[in-house]
Amino acid sequence: MISQMFDTTIDEIMAVNPGLDPENLTAGQVICLNPGLKYFSSERYDANEISKSQADLSDYIRGLWEQHVTWTRLTILSMVFDLPDVDMVTNRLLRNPKDFEALLRLFYGDEKASTFSDLFTNHLVIAAELVKAAKAGDNNAAADAEKRWYANADQIADFLAGINPYWSREDWKAMLYKHLAMTKDEAVNILTGKYLESINGFDEIEEQALVMADMMTNGIINQFPDIFK
């Protein structure tokens, strides 16, 4: 992941870091990169505005959030219509927190990355409970799941604000609450046969997810400026 982020290869990184154990990296560890690397992209970004490493981080995090909302939608569809791929789609969705964990481990270490993964997995598990309860017409179970869903969002916002001074608890809380509300509307529209509304709603979900992605990216870049010069 580091080699991809900085447009190099594992072999090149190893060549300028004698004795580096690529299977045992730690948060805060200093790693030299090939001095010949180009840190600015030529077309999409102005080299005076954003470095290539910043652009690569942004693209990677945007990809993770895109996958999050896309596989969430596909899981909802599979659950609602009892599709034969529901278990496979759900498993792919549950890989998303682990992919976030792999990225965050580079900056915050194993423990914090694992904590985020657990919180984000709970976010998905509770969402599935809410969809199942709504499909079954169990209003009490749906209300309970929704209450726990928002409490989980509070936990995520608290956690992120606690590991990065450039991430605001209130900003993350507002973003996550909006994400939950739109995802619930998406599921309800699918359950009630309002398919066009669910498609239009997904456009908004996707756009808002990219805003969260950029907020996450900016926080990491501001917290670790030396990495993204």
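Residues numbered from 1 in each chain as written. Predicted model: local features only at pLDDT ≥ 70, side-chain atom pairs only at ≥ 80, totals over all residues. Heavy atoms only, no water.

Chemist: So what's going on with the pattern of salt bridges? Residues and values would help.
Modeler: Applying the stated rule across the entire model yields 13 salt bridges. Two residues, Glu101 and Arg105, come together in a salt bridge whose shortest N-O distance is 2.9 Å. With Glu101 and Arg105 both in helix α4 (residues 86-136) and four residues apart, the pair spans about one turn of that helix. Look at Arg105 and you get partly exposed, because its relative accessible area is 32%. When salt bridges that share partners are traced, they join Lys98, Glu101, Arg105 and Asp110 into one network. (Salt bridge = Lys/Arg side-chain N within 4 Å of Asp/Glu carboxyl O. Helix = DSSP H or I, 4+ residues; strand = E, 2+ residues; numbered from the N terminus. Buried < 20%, exposed > 50% of the residue type's maximum accessible area, 1.4 Å probe, protein only.)

Chemist: Got a sec to walk through the packing of helix α6 (residues 169-191) against helix α7 (residues 195-223)? Specific residues and values, please.
Modeler: At a closest axis distance of 9 Å, the pairing of α6 and α7 adopts a crossing angle of 160°. Comparing their axes, α7 and α6 come out roughly antiparallel. At the point where α6 passes α7, the crossing takes the left-handed sense. Residues Asp171, Trp172, Met175, Leu176, Lys178, His179, Met182, Thr183, Glu186, Asn189 and Ile190 of α6 pack against Tyr195, Glu197, Ser198, Phe202, Glu204, Ile205, Gln208, Val211, Met212, Met215 and Met216 of α7. Residues of the contact of α6 with α7, tallied by class, amount to twelve nonpolar, five polar and five charged. (Axes fitted to C-alpha atoms, helices over the stretch in contact; angles between N-to-C directions. Parallel < 35°, antiparallel > 145°, perpendicular 65-115°, else oblique. Left-handed = near helix turned anticlockwise from the far one by under 90°. Contact = heavy atoms within 4.5 Å. Nonpolar A, V, L, I, M, F, W, Y, C, P; charged D, E, K, R; others polar.)

Chemist: Break down the confidence of the model for the protein chain for me, with residues and values.
Modeler: Across the protein chain, the average pLDDT comes to 89, with 88% of residues at 70 or higher. Here helix α1 (residues 2-5) stands out as the element of the protein chain with the lowest mean pLDDT, 71, in contrast to helix α5 (residues 139-163), whose mean of 98 is the highest. For the stretch residues 35-48, pLDDT sits under 50, and the model shows 22 contacts to residues farther than four places along the chain or on other chains. (pLDDT = per-residue confidence, 0-100.)

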